[in-house]
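Structural features, examined
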There are 2 protein chains.
Amino acid sequence: MNKEIGITVKKDQDFSEWYSQVVLKSELIDYASAKGFIILRPYGYVIWDTIKEYVDKKIKETGHQNAYFPALIPEGLLKKEGDHFEGFIPEVFWVTQAGNRKVGERLALRPTSETIAYDSYSKWIRSWRDLPLLLNFWNTVMRAEIKSTKPFIRNSEFLWQEGHTAHATEEEAKKEVRNILEMYKKLIEEELAVPVLTGTKTEKEKFVGAIYTTTLESIMPDGLALQMGTSHNLGQNFSKPFEIKFLGNDKQEHFVWQTSWGVSWRLIGAIIMMHGDDKGLVLPPRIASIQVVIIPIHYKEQDIIPVRKKVKEFVIKLKQNNIKVYVDDRKHYTPGWKFHDWEMKGVPLRVEIGPRDIRKEEITLARRDKEEKISVNENIAVDKVSILLEEIQNNLFDNAKRLQNEFITKIEDFVEFKKAIKNKGGFLRANWCLESKCENEIKEETGADIRVIPFRNEDVFGPCVYCRKEGKKVVYFAKSY
Amino acid sequence: MNKEIGITVKKDQDFSEWYSQVVLKSELIDYASAKGFIILRPYGYVIWDTIKEYVDKKIKETGHQNAYFPALIPEGLLKKEGDHFEGFIPEVFWVTQAGNRKVGERLALRPTSETIAYDSYSKWIRSWRDLPLLLNFWNTVMRAEIKSTKPFIRNSEFLWQEGHTAHATEEEAKKEVRNILEMYKKLIEEELAVPVLTGTKTEKEKFVGAIYTTTLESIMPDGLALQMGTSHNLGQNFSKPFEIKFLGNDKQEHFVWQTSWGVSWRLIGAIIMMHGDDKGLVLPPRIASIQVVIIPIHYKEQDIIPVRKKVKEFVIKLKQNNIKVYVDDRKHYTPGWKFHDWEMKGVPLRVEIGPRDIRKEEITLARRDKEEKISVNENIAVDKVSILLEEIQNNLFDNAKRLQNEFITKIEDFVEFKKAIKNKGGFLRANWCLESKCENEIKEETGADIRVIPFRNEDVFGPCVYCRKEGKKVVYFAKSY
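Residues numbered from 1 in each chain as written. Chains lettered and ligands numbered in written order. Predicted model: local features only at pLDDT ≥ 70, side-chain atom pairs only at ≥ 80, totals over all residues. Heavy atoms only, no water.

1. Topic: the overall build of chain A
Looking only at helices and strands, chain A has 13 helices and 23 strands in total. Taken over the C-alpha trace, chain A has a radius of gyration of 25 Å; the compact-globule value for 481 residues is 23 Å, and the two agree within 12%. When its C-alpha atoms are laid out on the principal axes, chain A stretches across 80 × 55 × 50 Å. Within chain A, buried positions represent 60% of all 481 residues. The contacts of chain A with a sequence gap of at least 6 include a subset with a gap of at least 24, amounting to 67%. Of the accessible surface of chain A, which amounts to about 20300 Å², a share of 48% is contributed by carbon and sulfur atoms. Counting 75 positive and 71 negative side-chain charges, chain A places the centres of these two groups 2 Å from one another. (Helix = DSSP H or I, 4+ residues; strand = E, 2+ residues; numbered from the N terminus. Rg over C-alpha atoms; globule rule 2.2 N^0.38 Å. Buried < 20%, exposed > 50% of the residue type's maximum accessible area, 1.4 Å probe, protein only. Contact = heavy atoms within 4.5 Å. Areas by Shrake-Rupley, 256 points an atom, 1.4 Å probe, with all protein chains shown as cover. Lys, Arg positive; Asp, Glu negative; His and termini not counted. Charge placed at Lys NZ, Arg CZ, Asp CG, Glu CD.)

2. Remarks on the relation of the copies chain A and chain B
Of the transformation placing chain A onto chain B, the axial shift is 0.0 Å and the rotation is 180°, giving an RMSD of 0.0 Å. Such a turn and shift between the copies fits a two-fold axis. Closest approach to the rotation axis among the C-alpha atoms of chain A is made by V95 of chain A, whose C-alpha sits 2.2 Å away. (Least-squares fit on C-alpha atoms with pLDDT ≥ 70 in both.)

3. Quick notes on empty space enclosed by the protein
For the structure on display, the rule yields 2 cavities of 30 Å³ or more. Approximately 380 Å³ is the volume found for the largest cavity. Elements that contribute at least two residues to the lining of the largest cavity include exactly α2 (42–61), β7 (133–142) and β8 (157–167) of chain A together with α2 (42–61), β7 (133–142) and β8 (157–167) of chain B. In the lining of the largest cavity, the residues fall into 16 nonpolar, 4 polar and 7 charged. Computed from the structure, the second largest cavity encloses a volume of approximately 40 Å³. If you go around the second largest cavity, the residues you meet are Y68 and P70 of chain A together with F37, I38, T140, E157, F158, L159 and W265 of chain B. Here the lining of the second largest cavity gets 3 residues from one element, more than from any other, and that element is β8 of chain B. Each residue belonging to the lining of the second largest cavity can be placed in one class, and the counts come to 7 nonpolar, 1 polar and 1 charged. (1 Å grid on protein atoms, 1.4 Å probe; cavity = no way out; pocket = protein on both sides within 12 Å on 5 of 7 lines; lining within 4 Å. Points joined across faces, edges and corners; volume = space filled by probe spheres on them. Nonpolar A, V, L, I, M, F, W, Y, C, P; charged D, E, K, R; others polar.)

4. What about the interface of chain A and chain B?
If you look at the interface, chain A gives 56 residues, while chain B gives 56 residues. Summed over both sides, the interface of chain A with chain B buries roughly 4400 Å², with 60% coming from carbon and sulfur. For the pair chain A and chain B, the number of links is 0 salt bridges. The tally of links between chain A and chain B comes to 17 residue pairs in polar contact (both at pLDDT 80 or more). (Buried area = accessible area lost by both parts, 1.4 Å probe. Salt bridge = Lys/Arg side-chain N within 4 Å of Asp/Glu carboxyl O. Polar contact = N/O pair within 3.5 Å; in protein donor to acceptor, adjacent residues only side chain to side chain.)

5. Overview of the packing of α2 of chain A against helix α7 (residues 266–275) of chain A
Residues and elements named next belong to chain A. Running from N to C, α2 and α7 point in directions that differ by 110°, and their axes come no closer than 10 Å. Classed by the angle they form, the pair α2 and α7 counts as roughly perpendicular. Both α2 and α7 take part in a crossing whose hand is right-handed. Judged by residue contacts, G44, I47, W48 and I51 of α2 engage L267, I268 and I271 from α7. Among the residues making up the contact of α2 with α7, the classes are represented as 6 nonpolar, 1 polar and no charged. (Axes fitted to C-alpha atoms, helices over the stretch in contact; angles between N-to-C directions. Parallel < 35°, antiparallel > 145°, perpendicular 65-115°, else oblique. Left-handed = near helix turned anticlockwise from the far one by under 90°.)

6. Regarding the sheet that holds strand β15 (residues 292–296) of chain A
All names here are of chain A. With respect to topology, 5 strands assemble into an open sheet ordered β16-β15-β17-β18-β19, the strand pairing being mixed. Each having just a single partner strand, β16 (325–327) and β19 (372–377) make up the two edges of the open sheet. Adjacent strand axes in the sheet meet at a mean angle of 25° when their direction is disregarded. Strand direction decides the pairing type here: β15 and β16, joined by 3 bridges, are parallel. Looking at β16, one finds that V292 is bridged to V325. Docked against the sheet, helix α8 (residues 304–320) engages β15, β16, β17 (349–353) and β18 (362–367), running at close to 170° with respect to β15. Sitting on the sheet, helix α9 (residues 335–344) touches β15, β16 and β17, and the angle it makes with β15 is about 170°. (Pairing = 2+ DSSP bridges.)

7. A look at a positive patch on the surface
A contiguous patch of positive charge, built from K300, R356, R359 and K360 of chain A, is present on the exposed surface. Mapping K300 of chain A onto the fold places it in the loop between β15 and α8. (Patch = residues over 30% accessible without salt bridge, like charges linked within 9 Å, V, L, I, M, F, W, Y side chains within 5 Å.)

8. Some remarks on helix α8 (residues 304–320) of chain B
Residue and element names in this part refer to chain B. Taking 1.5 Å per residue as the helical rise, α8 with its 17 residues ought to reach 24 Å, and the 25 Å between its terminal C-alpha atoms agrees with that figure. By the burial criterion, the buried members of α8 are V307, K310, V311, F314, V315 and L318. Here the buried residues of α8 occupy an arc of 140° about the axis, which is enough to place them on one side. Facing away from the buried side of α8 by more than 90 degrees, the exposed set consists of I305, R308, K309, K312, K319 and Q320. Looking at the buried side of α8, the elements it contacts are β15 (292–296), β16 (325–327), β17 (349–353), α10 (355–359), β18 (362–367) and α11 (381–406). Two residues or fewer past α8, N322 is found with a positive phi of approximately 55°. (Expected span 1.5 Å × (residues − 1). Arc of directions from axis to C-beta.)

9. Things to note about the pairing of strand β22 (residues 449–454) of chain B
Residue and element names in this part refer to chain B. Burial of β22 is extensive: 6 of the 6 residues sit out of reach of the surface. By the bridge criterion, 3 bridges tie β22 to strand β23 (residues 473–478) in an arrangement that is antiparallel. Bridge pairing in β23 places I450 opposite F477.

10. Comments concerning the sheet that holds strand β9 (residues 197–200) of chain A
All names here are of chain A. In space, the 11 strands of this open sheet follow the order β3-β7-β8-β14-β11-β10-β9-β22-β23-β21-β20, with mixed pairing throughout. The open sheet has two edge strands with one neighbour each: β3 (65–66) and β20 (408–410). In this sheet, strand β14 (residues 257–264) lies alongside strand β11 (residues 225–235) in antiparallel orientation, the contact comprising 5 bridges. Across the sheet, the residue bridging to S231 is W261, located in β14. Along the sheet face, helix α5 (residues 114–124) touches β7, β8, β11 and β14 and points at about 155° away from the line of β7.

11. Topic: the packing of α2 of chain A against helix α6 (residues 170–191) of chain A
Residues and elements named next belong to chain A. Viewed as axis vectors pointing N to C, α2 and α6 meet at an angle of 145°, and their least axial separation amounts to 11 Å. Viewed along their axes, α2 and α6 form a crossing whose handedness is right-handed. In contact with I51, Y54, V55, K58 and I59 of α2, α6 contributes I180, M183, K186, L187 and E191. Taken together, the residues of the contact of α2 with α6 break down into 7 nonpolar, no polar and 3 charged.

12. A look at the domain arrangement of chain A
Split into domains, chain A comes out as domain 1 (15–275), domain 2 (292–392) and domain 3 (408–478). Computed over C-alpha atoms, the centres of domain 2 of chain A and domain 3 of chain A are 50 Å apart. (Domains from an automatic or database assignment.)

13. Re unusual backbone geometry
All names here are of chain A. Of the consecutive residues L131 and P132, the connecting peptide bond is found in the cis state with omega at -10°. Inspection of the secondary structure puts P132 in the loop between α5 and β7. If you check the backbone angles, A193 has positive phi at about 60° while not being a glycine. The topology assignment puts A193 in the loop between α6 and β9.

As structure tokens, then:
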């Protein structure tokens, strides 16, 4: 393969350029003509579809249903919850014309659906019998990105799901917030092989309009934190302005308790950054649409038929074991070219079948996550493939976990803090007095903010890292995407 | 059930009001706050999901892949194919502001994706090895409706799929156009139980930018035609302005040949209109998310446990036979109320299980499509359910087919034509000279246009219905939605 076609920079030398090349050259995305927008190409779409299937199944099992709300929200509706509106206003796209006519009231392109959904919830919910209302929307949201954009991480339109639930009691809403976060954690750690820290956001960093926000935070190999998903307790902040009331069992009217939560295609960005290497993408087997690619090798005419036969037999066996397999039988490309192409596309396991393998009754397996190529007897090849896929999944997670651990630095004072942020990045584990003054000034001086207040109560080990007053909580600071 | 909660008008007395009540009261949709937009509620969403699954499976089997393109298209791109742009301009929503800033070039909300997709196709396609390119997008499109709106039939935003393919030869593109139309026909007739006429559109009625458009047309019970889906041969009309070229096997550069095609949630509208009755929705079993609803009947305390046990056993058996079953065990609602509720929601088959059924080792089955209630021995009940579901599917199609036949009127002259359009509506089967002058004048005088020139060559039976010159084709006129 031509050097120019492969990735031309090393991951640890120019991370940002490496990332751009991987997303483009592995054909996950392309840039669209409107600035800040990307096109999700088929190879990227199937990854999103896999994530979608997982989440869709899990939420349906717990009683949630899907619905679709319009992409356009009248300005008056968006304004109904004041903080929420103020938070989103800088990035809202506005429709002001339809054909050659001016529209009456400006229409916002959905930056998120709280307001338009809750306008309906107030009509649909009448009695306790209508609760809980557990809805989810698969759609895209549009937020004009003013800062620099980055595929999957920061775009003016992104694919996501947004859950919006209404409950009779505060307790139930709180439980929903946590259950969803747990589901996201399983998805991200077990399927995507990316470890997360979970906890709550500070007042400053919470979702505009929420009582509190719970979050999943990961650290990327360049030492920047990435918010992977959030689950918000909205309390009655929206049910009051939107008048979402129900007649309780007690014959009294009550406002509902609400939650909202979402993950987006940003998760694909995390997979790329976390697992990719100098050859390109590396996909965790559980998320890969092609887990095994078979490259038939036949340089001589007489080898073609026996190789094809052997390939066919092996494909059947793999499919019987629910392994997602693809045979690359393209002509006009050499096996070597194909090796590189599938390495770039991150397929976890490559199988080579050539005349020598047939003679020796073997099959050759090459792992994507390690420089390791083995030959195994064809009778045990399918079992070996299953075992290797499992091993690759675990290995990717272990590597990512090691990286996460290396990127958590215990910090005692602010001199150390500044040095660590400058030299190494990552999560700085430090004590905090709970004052937003300190949080703001740290952000201003270092660019780092509090990513997460961990659920797990960690013992305070000293005074506030900034003001030296009493440390009340151990929190994780980081600079982030 | 309270009369006001049920449908309060008869289908054959006020079709339009009946339709509005059914879509709202069966909770398929609700109106959104922005005029012309609707909300797809969970019960409507699952119907769309079923249609989506069907189409997605079929197109994947024939090598198509999904992708996602942005919702916003720069004006310059939309203008690139002149006819196309002129056709869509009256209904395009325009984004002119982002936050408090004016956007440079106006951005159109996607009314369809030809232009934005083909801009990328010109980059992705280089050689004959890149062909055919067979992509599909599941998304929504936005077209400001200036005429009156109607849920599912005419809205300012609708869910659909749009396929966009590029081929090396004209022959291949033509074949794709027909194969897709065939797939749609199977979906609509076999799953939705709605018969269609298939053929091509006239020059006047074709898709703006196409060489020709093939179409599926159905007649609704009010005598108006509904376009169910279209599949377009774009020829090289887009590949030339967008410069989508490939290096052929012959070492020469060629422009690709293209197709585009789509069906939308309008299909749900057709199901409602075609099969619904005075009690509400009637869903064909193959498209119903709930095929069988079980209503446990226990007025006395001592009946609860045995009834629950029997219900549970029957549910297991139905699920083993892949029958989609739902048990309505809501308290605080009487069985009678539930009967009406599920009738309104159009569930094909209702099962009642009460103490008397248990005593007699029977199960009671009530069809939604007929006033027919039978009791069968519990040993054959599952088989009977399967048979009845099949019968209901066929019965709905047969009724719809009869309606279609009754609505096809052979017309010899224009006096007859005007009378038929005024009194009865439906398809008027008539001879046409192929002149658009006649087509236009008929439209002006009667409101009817040529819905379809049938694929099946029907023998001309006289002169042009309007100008009395030589009749060249038998075509189907109708007024339409």
